[in-house]
Amino acid sequence: MAILVTRRMTKRFGGLVAIRALDLEVEERAIHSVIGPNGAGKTTLFNCVTGFYRPDEGEIWFAGQRVDGLRPDEIAHLGIARTYQNIRLFANMTALENVLVGLHMHLRSTWVGAVLASPAVRREERWAHAEARRLLEFVGLAGRGDLLARNLPYGEQRKLELARALATRPKLLLLDEPTAGMNPAETAEMIQFIRRLRDELGITILLIEHHMRVVMTISDRVTVLDYGEKISEGTPEQVQNDPRVIEAYLGTRKVKAEALG
Amino acid sequence: MWRVGLVFGAVAWFVSLAGLVEALHGRWVVDGVLSAGQVLLLAVLLASGWTAARRSSASLVGRLWAGLLAGATVGFCVGLLAWLRSLVDLRTMFVNASPALFQLLSGGRPARVAWAAAVAVGAGVGLAGAAGACAPARAVRPLLVGAAAALSLALFQELVLLVLQPEPLAPVRDWLFVAGGGPTAQGIAAVFAFSAALAALRQASRGRAGRVALPPRAQRVLWSVVGVLLLAALPIAGGPFVAQVLVIVGLYTLMGLGLNLEVGLAGLLDLGFVAFFAIGAYTVGLLTSVGEHGIAHWSFWAAVPVAVLVSLIAGVILGIPVLGIRGDYLAIATLGFGEIVRLLVLSDALRPWFGGSQGVLAIPKPVLAGFEFSGPQHLYYLTVVASAVVAYVAWRLQDSRLGRAWMAIREDEDVAEALGINLVSVKLLAYGLGAAFAGVGGAIFAVMVGSVFPHSFQLLISIQVLALIIVGGMGSIPGVIVGSAVLIGLPELLREFGEFRFLVYGAVLVAMMLLRPEGLLPAAAQRRELRAVEEEPVELARTPVGAATEGGA
Amino acid sequence: MAAGALRRPVARRLNFVDAFLWGFRLAVIVVVVWGTVGTLRLGRYTGEQWVDFVVFGLAQGGIYALIALGYTMVYGILRMINFAHGEVFMSGAYTAYFVAAPLAASGFLDRHPILSLLLLVAVAAAVSMGVAVLVERVAYRPLRRAPRLVPLITAIGASFFLQYAFRGLYGSGFKAYPEFQLFKGEWQILGIGVLRTQAVVLASAAVLMFALYQFVMRTKVGKAMRAVAEDKDAAALMGIDVDRIIVLTFAIGGAAAGAAGILYALVFKQVHFFMGFVPGIKAFTSAVLGGIGNIPGAMLGGLFLGVVESVGPALFLDGLGIVAPYQLKDVIAFTMLVMVLIFRPQGILGERLAAKRA
């Protein structure tokens, strides 16, 4: 069953068409990659799905519900979470606090309860702290909770962003270039991790990636965008051999040159 | 290097012509020998030598020479000013260029002689400044501490004298102060030496392994106890004037706690904040006044909850239109709202309700079980209680789900929204609760003054509250208290510098932003400290030898 | 983070926030229309009086426009509101007083009024320019890369400092500028009597604005300024000395403000250490109205604000039966400011700042 569907979705910025009539279906519990040259519209797609932009035309459906036009926080409540291309953590908050913010919508405490320090609130806070620590451990940041997010090394910041996204208990997780800036060892670790997310937690993953090896290794399905349009879709092998994809990435002349040897 | 000297020479000119030197001249640092005005000029000279030495990359001798030159240049400029004065009366343009000033600058001697003397003195003091810059920091720092302590004694001599009033303390008083005048030479020297020695000792003990210091938790308890004792005793020891100052500090603390929710936690820059203070004050005024504008004759205690509620609602109402605005623009928009409120209340058009420029008068003092809170001391205790309650609420909020949501909004609003935070309700809660805190302050203000007029609610106040939060440390509750004490309390105590209060204010703001933008007691440092206590007490033993845990810069 | 100007609607579907905002808009429109109808029906003002209001508004607006140029240029380049710009305006006018007074006393002013005026403008512009550059160097330059709040606080601190510095230097009293005999009385333009002073102010403002516009659009330096405003880093890569351009921007903005100061003194006749605050806010409003970062916009915004402020109290407040409507003229200005910031932060002509990156 498709958990995320876009139908003829179009997004314009002034005269520029960032995404044109996109039909996309992401199967539940799939790891689905979106690739394409720079400027193809991939991050714009994410922004539309999460409600940051409103599509000019078309529809977006999530888990059987129409979501285009909803506010980002409403969409988060429905179970969509994301990470960002250039990491957007809450820099001046600790790692633990970052994750706690991720738990926000699953907590029930009100400000009145907090002021009165009612037992229910205290209980919930204790639970939240424990849960946040568990999530940090899950991503490999055990014991790092009290460091300010901006003081964490790059790799750990990426992990923290993941932990924060996972705290929202998403059904669909949008990962924007999760292996950017990583060395091969870290990349392998991330691949394993993403698989775990799907296998153990049942989360559907929609992935933007430039790292072809990652895409080919991990994806169940790949969609290729170029200039805002879908030019190819299928299994990794199918897409890899699609001449349209090769041309989009490399340009026709170079392909010919290589073909001629 | 004489460029540095010229810059500081310009500073010396400014400080003289703007009247600072003369105003400070009225206060003795050493009675009959050294005035605060002279100290100011000396400080400029020292600073010029210090800066010149710092800037110069030459050898030790070279740097000392640079300092000397810079100081001499400043002295030259000062002498030049005195000489100009002897030629032409500068008062047509510079109103504070009085004869007394030039008497001071020239030391009473004829212009030429004074000029040479100024250059010589400048050179000497500049050299001293350079020496300070070249000497190791460990040697210089205690001296600075000693100087600061001595200056504090001089600046706050009235307060000290007040505290030393009781008879048993007479010998101390007579030793420290000349009767009816300023501090004695031995008094100043003693304070200087004592403080410098303490600082040096403290510094030396830091370098040794196994710090002789209490664990952070015990430290906090100690400071809290000291704080509470001070709070209880100060108004009694200091008298009604000090109590009045403390009430004002308390009111600004209340406002600061409120604005801290908006700016420090949620990152919502609100320059119209004084409007909520005003609303609280006017509500209490209108509800309790026995004069012509009072619409009811309630007791203070019944009026306060209403005032808080009205302020809260006003905060929400004024917050709704600006929900989508961010950053600088939000500051300006809220400034606009604040001014609109003030102008409307001031106008003749609304005079029948709000009393126009004359305001609402005849507000009675609160009465509790037959006891009237008539004096500033009584109101002081009321303010302390109110501040404590509000501070507690603020503290609980900070550490809650809502507080984290606020901080998330401050850091990155879009990401916060993507994590499921409803921006509208969270922002409106910030505006509403912040306004409510201000309303409490306004309520107390109304009964303190006995009347409310629009003139008391200017933009200036919003800016002062913002400044005290920034200087104290954004997002930090102790920071608000410190900020209030420093930026509000100190100037009130130093009344005679009233004219220059905002001059120093502005300079302090700029200096703080340039040097220490996170404030005096920033939030992050405290929270880490707090956490270190509660969760990892073992951490302390692992503190490396010789490292200071506070910013030892 | 993006410029504070761009705003996404907080909620798409109609909810209480949207309803509230619509109510707000409606309330303002109702007040304006009702008041205008009331005033016109009462017929309390003659045609000549309306013309007076408009001309005064234009003159006042010209002053705002010149000051607004400084705000808009600095915001375009540094994305910061130069809170101290009102004091830059004040410093020139206030200092030039000490040139004006002796000129008047010696009779030079009456013998050579135009020359005197030019001299005063030059002095004021120079002083204002100096103050602006000084503030940039001391308070803003070290903080170029600091988070948004820090330069704002610094600017506020600088504003305070300058106000009270000048108070300390020149005193807290009001200083009356000498009158120019040449500008007393009226001229007859197209059969309407126009106060000479106001006409001169308006004409001078127009000339200065035109000159500045040409400078920014045509000259190499002007182009460099626009390049730095678009993209500082790219401009640096093109070999433009960004620091120098920034200083130049402050200098030109300061000079314009200084000139505006003299014009202000001509119209309002008094200078005072606090005189920069309200015109500063109004000038900022003008800059935002026209589209911040947009130079013709600042000019248009200034003129527009000046006229609305002048005509407004009579036009719509009086008709509502409000006592002493002129007390509320600042309310009109601030309301316009607030409405522009809420409903159309990019201003009338639209700002030219880059859109937010996702």
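This is a predicted model, so every value here is computed, not measured. (Residues numbered from 1 in each chain as written. Chains lettered and ligands numbered in written order. Predicted model: local features only at pLDDT ≥ 70, side-chain atom pairs only at ≥ 80, totals over all residues.)

## Let's talk about the overall build of chain C
Definition in use: In DSSP terms, a helix is any run of H or I states spanning at least four residues, a strand is any run of E spanning at least two, and both are numbered starting from the N terminus. Any residue whose C-beta has 12 or fewer other C-beta atoms within 10 Å is treated as exposed, any with 20 or more as buried, and any in between as partly exposed, C-beta atoms being built from the backbone. A residue pair is marked as a contact if its C-beta atoms, positioned from the backbone, fall within 7 Å.
When helices and strands are tallied, chain C shows 13 helices and four strands. Based on the C-alpha atoms only, the size of chain C along its principal axes is roughly 60 × 50 × 40 Å. Scored against the burial criterion, the 358 residues of chain C give a buried share of 53%. Considering only contacts in chain C between residues 6 or more positions apart, those separated by 24 or more positions represent 79%.

## Some remarks on the overall build of chain B
Which entries qualify depends on this criterion: The size measure is the radius of gyration over C-alpha atoms, and the globule rule it meets is 2.2 Å times the number of residues to the 0.38 power.
The number of helices and strands found in chain B is 23 helices and four strands. Here the C-alpha radius of gyration of chain B, 26 Å, is about what a compact globule of 553 residues would show, namely 24 Å. In terms of overall dimensions, chain B has a C-alpha envelope of 70 × 65 × 55 Å along the principal axes. The contacts of chain B with a sequence gap of at least 6 include a subset with a gap of at least 24, amounting to 77%.

## Brief notes about the confidence of the model for chain C
In regions of low pLDDT, the predicted coordinates are not meant to be interpreted in detail. Residues and elements named next belong to chain C. Rules: For every residue, the predictor states its confidence as a pLDDT score lying anywhere from 0 to 100.
Averaged over chain C, the pLDDT score is 85; the fraction of residues at 70 or greater is 94%. The low-confidence segment residues 1-12 (pLDDT under 50) makes 35 contacts with residues lying over four places distant or belonging to another chain. A low-confidence stretch, residues 352-358 (pLDDT under 50), is modelled with twelve contacts involving residues beyond four sequence positions or located in other chains. In the model output, the complex is listed with pTM 0.84 alongside ipTM 0.91.

## Brief notes about the interface of chain C and chain B
Selection criterion: Polar here means any residue outside two lists: the nonpolar Ala, Val, Leu, Ile, Met, Phe, Trp, Tyr, Cys and Pro, and the charged Asp, Glu, Lys and Arg; Gly therefore counts as polar.
Taken together, the 50 residues of chain C in the interface contact 48 residues of chain B. Taken together, the elements giving at least two residues each to the side of chain C that touches chain B come down to α1 (16-42), α6 (149-170) and α13 (329-343) of chain C. With 16 residues, the top contributor of residues to the side of chain C that touches chain B is α6 of chain C. Counted by class, the side of chain C that touches chain B contains 38 nonpolar, eight polar and four charged residues.

## Quick notes on the nonpolar core
The condition that has to hold: For this entry, the nonpolar core is defined as buried Ala, Val, Leu, Ile, Met, Phe, Trp, Tyr and Cys residues connected by C-beta atoms within 7 Å. What counts as a domain boundary in this text is fixed by an automatic or database domain assignment.
If you look at the biggest cluster of nonpolar residues, it comprises 371 residues, and the most contacted ones within it are L66 and A259 of chain C. Looking at this core, you find at least three residues from each of domain 1 (2-205) and domain 2 (241-457) of chain B. When sequence neighbours within four positions are dropped, the list of residues in contact with L66 of chain C reads A205, L208, M209, A256, A257, A259 and A260 of chain C.

## Overview of the sheet that holds strand β8 (residues 204-208) of chain A
Residue and element names in this part refer to chain A. For the record, the criterion: Two strands qualify as a pair provided that DSSP identifies no fewer than 2 bridges between them. Axis definition: a line fitted to C-alpha atoms, limited for helices to the stretch in contact. Angles are taken between N-to-C directions and run from 0 to 180 degrees.
Reading across the sheet, the six strands line up as β6-β7-β8-β3-β9-β10 and stay open at both edges, with mixed pairing between neighbours. Of all strands in the sheet, those bounded by a partner on one side alone are β6 (80-82) and β10 (229-234). Strand after strand, the sheet turns through a mean of 20° between neighbouring axes, direction not considered. Alignment of strand β3 (residues 31-35) against β8, held across four bridges, turns out to be parallel. Residue pairing across strands places S33 opposite L207, the latter belonging to β8. Most of the contacts of helix α7 (residues 184-201) go to β8, to which it runs at about 150°, and overall it touches β3, β7 (172-176) and β8.

## Thoughts on unusual backbone geometry
Excluding glycine, most residues fall at negative phi; most peptide bonds, likewise, are trans. Positive phi outside glycine occurs at R29 of chain A, with the angle close to 60°. Although it is not a glycine, K269 of chain C adopts a positive phi angle of roughly 70°. Within the secondary structure, K269 of chain C is located in the loop between α10 (242-268) and β4 (270-271).

## Comments concerning the environment of M90 of chain C
All names here are of chain C. Mapped onto the fold, M90 is located in helix α3 (residues 85-105). As a C-alpha pair, M90 and G171 span 81 residues in sequence and 13 Å in three-dimensional space. The residues touching M90, leaving out its near neighbours within four places in the chain, are F166, G261, F273, M275 and G276.

## Description of the environment of A18 of chain A
With respect to the secondary-structure elements, A18 of chain A resides in strand β2 (residues 16-27). Put simply, A18 of chain A and D226 of chain A are 208 residues apart on the chain and 9.8 Å apart in space, counted from C-alpha to C-alpha.

## Section: the sheet that holds strand β1 (residues 2-13) of chain A
Residues and elements named next belong to chain A. Judged by pairing direction, the sheet is antiparallel, and its four strands sit side by side in the order β2-β1-β4-β5 without closing on themselves. Edge strands, defined here as strands with exactly one partner in the open sheet, are β2 and β5 (65-66). Alignment of strand β4 (residues 57-62) against β5, held across two bridges, turns out to be antiparallel. Opposite F62, over in β5, you have Q65 as the bridge partner. Lying on the sheet, helix α1 (residues 42-49) is in contact with β1, β2 and β4; it crosses β1 at an angle near 115°.

## A short note on the packing of helix α5 (residues 113-140) of chain C against α10 of chain C
Residue and element names in this part refer to chain C. Note the cut-off: Put simply, angles under 35 degrees are roughly parallel, angles over 145 are roughly antiparallel, angles from 65 to 115 are roughly perpendicular, and the rest are oblique. In a left-handed crossing the near helix is turned counterclockwise from the far helix by less than a right angle, and in a right-handed crossing that turn is clockwise.
Two elements in contact, α5 and α10, have axes whose closest approach is 7 Å; the angle formed by their N-to-C orientations is 140°. One finds that α5 runs oblique with respect to α10. Viewed along their axes, α5 and α10 form a crossing whose handedness is right-handed. Seen from α5, the contacting residues are L120, V121, A124, A125, V127, S128, M129, V131, A132, V133 and E136; seen from α10, they are I246, V247, F250, A251, G253, G254, A255, A257, G258, A259, G261 and I262. Its residues assigned to classes, the contact of α5 with α10 comprises 17 nonpolar, five polar and one charged.

## Let's talk about the pairing of strand β2 (residues 186-189) of chain C
As paired elements, β2 of chain C and strand β3 (residues 192-195) of chain C share four bridges and run antiparallel to each other. Pairing of Q188 of chain C across the sheet is with G193 of chain C, part of β3 of chain C.

## Looking at the packing of α5 of chain C against α6 of chain C
Residues and elements named next belong to chain C. As a packed pair, α5 and α6 sit with axes 11 Å apart at the nearest point and diverge in direction by 135°. What the angle tells us is that α5 and α6 run oblique. In this structure, the crossing between α5 and α6 has a hand that is right-handed. On α6, the residues that touch V131, V135, A139 and Y140 of α5 are P151, T154, A158 and L162. Split by residue class, the contact of α5 with α6 holds seven nonpolar, one polar and no charged.

## Regarding α1 of chain A
All names here are of chain A. With eight of eight residues buried, α1 lies mostly within the body of the structure. Listed in full, the buried residues belonging to α1 are K42, T43, T44, L45, F46, N47, C48 and V49. Once α1 finishes, G51 follows within two positions and takes phi at roughly 90°, a positive value.

## A word on the pairing of β8 of chain A
All names here are of chain A. What counts is decided by this rule: Handedness of a crossover is defined as follows: with both strands directed away from the viewer, a clockwise route from the first strand across the helix to the second makes it right-handed.
With respect to burial, β8 is a largely interior element, five of its five residues being buried. Residues T204, L206 and I208 line one face of β8 and the alternating positions I205 and L207 line the opposite face, and both faces are buried. The sheet contact formed by β7 and β8 spans five bridges and is parallel. Following the sheet pairing, L172 is matched in β8 by T204. Each parallel crossover has a hand, and the one from β7 via α7 to β8 is right-handed.

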